[in-house]
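# Coordinate inspection notes
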Amino acid sequence: MRVGVINGPNLNLLGTREPSLYGGVTLDQVETLVRAEGRSLGVDIEWAQSNVEGELVNAIQRLGQSCEGLILNAGAYTHTSLAIRDAVAAVAVPTVEVHLSNIFGREAARRQTVLADAVIGVIAGFGSTSYLLGLRALYSRLARA
Ligand code: DQA
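This text gives an overview of the structure that appears in the document. All values derive from a computational prediction rather than experimental measurement. (Residues numbered from 1 in each chain as written. Predicted model: local features only at pLDDT ≥ 70, side-chain atom pairs only at ≥ 80, totals over all residues. Heavy atoms only, no water.)

### Some points on unusual backbone geometry
- The phi torsion at Glu18 lies on the positive side, around 35°, for a residue other than glycine.
- With respect to the secondary-structure elements, Glu18 resides in the loop between β1 (2–7) and α1 (19–22).
- On the accessibility criterion, Glu18 (44% relative accessible area) is partly exposed.
- A positive phi is found at Ala92, a non-glycine position, where the angle reads about 55°.
- The topology assignment puts Ala92 in the loop between α4 (82–91) and β4 (95–99). (Helix = DSSP H or I, 4+ residues; strand = E, 2+ residues; numbered from the N terminus. Buried < 20%, exposed > 50% of the residue type's maximum accessible area, 1.4 Å probe, protein only.)

Next comes the structure, spelled out in structure tokens:
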């Protein structure tokens, strides 16, 4: 089984970026944790990060072809990007939306996710563990299918 993990803008700065909100773990460390969880489940991980909206659309299209499921933290594009929402809907592989912070408990603009109707579920608020929970949830969905 192969799962794509796609990270949006500013997530490359994890570790130093607003640590009170996002913690002190770097994106490389999150990748290491996700790959280890993948190994324990027998899942190969394809990892991507971009700060550019169109590149995220390209990554969703590309990994949507080569993977059976996706985990997506679209960063701030979560709240604005119909292009990213449409890409998720277009590739039609099960996608779990993840967030480090609890977007539903933050400012009004962040409580909205335009991706929500295109994904199978949302996990938010558990720091890097959101990614691991997302992977497990996706795995159980894919293993059942
Ligand atoms: C985020 C939440 C977004 O609102 C924010 O713009 C991010 C990170 C999170 O993982 O908590 O960049 O997606």
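Don't stop here, the text continues.
### Re the packing of helix α2 (residues 27–41) against helix α6 (residues 129–144)
- Their axes nearest at 9 Å, the elements α2 and α6 cross at an angle of 30°. When the axes of α2 and α6 are compared, the pair comes out roughly parallel. Relative to α6, α2 is oriented so that their crossing is right-handed. Touching Val30, Leu33, Val34, Glu37, Gly38 and Leu41 of α2 are Tyr131, Leu132, Leu135, Arg136 and Tyr139, all from α6.
- Counted by class, the contact of α2 with α6 contains eight nonpolar, one polar and two charged residues. (Axes fitted to C-alpha atoms, helices over the stretch in contact; angles between N-to-C directions. Parallel < 35°, antiparallel > 145°, perpendicular 65-115°, else oblique. Left-handed = near helix turned anticlockwise from the far one by under 90°. Contact = heavy atoms within 4.5 Å. Nonpolar A, V, L, I, M, F, W, Y, C, P; charged D, E, K, R; others polar.)

### Here we look at the pattern of salt bridges
- Tallied over the full model, the rule gives seven salt bridges.
- Across the pair Arg2 and Glu46 runs a salt bridge whose closest N-O atoms are separated by 2.8 Å. Taken together, the residues span a long stretch of sequence, with Arg2 in strand β1 and Glu46 in strand β2 (residues 44–49) at a distance of 44 residues.
- Taken together, the salt bridges that share partners define one network made up of Arg85, Asp86 and Asp117. (Salt bridge = Lys/Arg side-chain N within 4 Å of Asp/Glu carboxyl O.)

### Side note on the site of the ligand
- Near the ligand there are 13 residues, and of these Asn73, His79, His99, Leu100 and Ser101 occur at the shortest range.
- Note that an oxygen atom of the ligand is positioned 2.8 Å from one of the side-chain N or O atoms of Asn73.
- Contact distances for the ligand include 3.1 Å between an oxygen atom and a backbone N or O atom of Ala76.
- For the ligand, whose accessible area on its own is 320 Å², the fraction buried by protein is 99%.
- More than half of the atoms of the ligand fall within 2 Å of the grid points belonging to the largest pocket.
- A per-class count over the shell around the ligand returns five nonpolar, five polar and three charged. (Near = heavy atom within 4 Å. Polar contact = N/O pair within 3.5 Å; in protein donor to acceptor, adjacent residues only side chain to side chain. Areas by Shrake-Rupley, 256 points an atom, 1.4 Å probe, with all protein chains shown as cover. 1 Å grid on protein atoms, 1.4 Å probe; cavity = no way out; pocket = protein on both sides within 12 Å on 5 of 7 lines; lining within 4 Å. Sits in = over half its atoms within 2 Å of the grid points.)

### Observations concerning the nonpolar core
- In this structure, Val3, Val5, Val34, Ile45, Trp47 and Tyr131 are the most contacted members of the largest nonpolar core, which totals 21 residues.
- Of all the elements in the fold, those that place two or more residues in this core are β1, α2, β2, β4 and α6.
- In terms of residue count, the dominant contributor to this core is α6 (five residues).
- Beyond its immediate stretch of four places on either side in the chain, Ile45 contacts Val3, Val5, Val34, Arg35, Gly38 and Leu135. (Core = buried A, V, L, I, M, F, W, Y, C linked by side-chain atoms within 4.5 Å.)

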